[in-house]
Amino acid sequence: MKIGPKYKIARRLGAAVFDKTQTQKYDLALQKKGQQRRTGRRPKQLSQYGVQLREKQKARYSYLVPEKQFANYVKAAMSTNAGTPADQLYQRLEMRLDNVAHRLGLAPTKTAARQLVSHGHVHVNGRRNNIASHGVSVGDVISIREQSKNTKLFDNLKERLENYNPPAWLSFDENSLTGKVEGRPQLKGADLLFDIQAILEFYSR
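Residues numbered from 1 in each chain as written. Predicted model: local features only at pLDDT ≥ 70, side-chain atom pairs only at ≥ 80, totals over all residues. Heavy atoms only, no water.

**Details of the nonpolar core**
Next up, step 1: Ranked by internal contacts, the top residues of the largest apolar core, which has 23 residues, are Leu97, Val100, Leu104, Leu106, Val136, Ile142 and Leu157.
Next up, step 2: Every residue in contact with Leu104, bar those within four places of it in the chain, is listed here: Ile142, Leu161, Tyr164, Leu170, Ser171, Phe172 and Gly179.
Next up, step 3: Core analysis: the second largest hydrophobic core is formed by 16 residues, Ala59, Tyr63, Leu187 and Phe194 among them. (Core = buried A, V, L, I, M, F, W, Y, C linked by side-chain atoms within 4.5 Å. Buried < 20%, exposed > 50% of the residue type's maximum accessible area, 1.4 Å probe, protein only. Contact = heavy atoms within 4.5 Å.)

Okay, here's the thing in structure tokens:
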């Protein structure tokens, strides 16, 4: 997925949707930019369509999902009878293999997790899976490819995991370096950078 200048996109969306924009360096750059652009003019008000479009872009960039694939997620979520469309969309995004690898702490950033999966370093139920968009299921076991464990990619993994706890719907065994999908993520109480209801309204037009 080609993204472009991340600082510029995050400023336009008004949300730190990328890992590199969730740093002190970005905050300082944002403050500096704000000081340079102080003109006294009021910011332009977005239309309802503009707001919905912005929320959709926030979600896409947050999970690094291409436009067509994201639209398919929304279509599937809106056509199912299992739970609400909002719950279904959230779960489809969260249960992508690259996102699960990041949530388990196997990679420090979402971009790194995507590369980890794409390069074949991750197994699902003992089988190599290099499809970042693969949707995991409850009961799936996520592990590191045995030949990859001694590479530089995982040199400091145990140290990084010392003070890290995965979300409640995932579990991780630090000794075997394997994770398990214990349940489905719950939208209620989730800390999101985007309005999921606005996204559904965007695709309902």
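Additional details are given in the paragraphs that follow.
**With respect to the packing of helix 3 (residues 48-63) against helix 9 (residues 196-203)**
Next up, step 1: At a minimum axis separation of 8 Å, helix 3 and helix 9 run at an interaxial angle of 115°. Compared by their axis directions, helix 3 and helix 9 come out roughly perpendicular. Pair helix 3 / helix 9 crosses with left-handed handedness. Within the contact between the two elements, helix 3 uses Gln48, Tyr49, Gln52, Leu53, Glu55, Lys56 and Ala59 and helix 9 uses Ala198, Ile199, Glu201, Phe202 and Tyr203.
Next up, step 2: The residue inventory of the contact of helix 3 with helix 9, partitioned by class, reads seven nonpolar, two polar and three charged. (Axes fitted to C-alpha atoms, helices over the stretch in contact; angles between N-to-C directions. Helix = DSSP H or I, 4+ residues; strand = E, 2+ residues; numbered from the N terminus. Parallel < 35°, antiparallel > 145°, perpendicular 65-115°, else oblique. Left-handed = near helix turned anticlockwise from the far one by under 90°. Nonpolar A, V, L, I, M, F, W, Y, C, P; charged D, E, K, R; others polar.)

**What about helix 3?**
Next up, step 1: Taking 1.5 Å of rise per residue, the 16 residues of helix 3 would be expected to cover 22 Å, and the 23 Å separating its terminal C-alpha atoms lies within 8% of that figure.
Next up, step 2: What helix 3 keeps buried is the set Gly50, Gln52, Glu55, Lys56, Gln57, Lys58, Ala59, Arg60, Tyr61, Ser62 and Tyr63.
Next up, step 3: In this structure, the buried residues of helix 3 make contact with helix 1 (6-13), helix 4 (67-79), helix 5 (85-94), helix 6 (97-103), helix 7 (110-118) and helix 9.
Next up, step 4: One or two positions beyond helix 3, positive phi appears at Leu64, with a value near 55°. (Expected span 1.5 Å × (residues − 1).)

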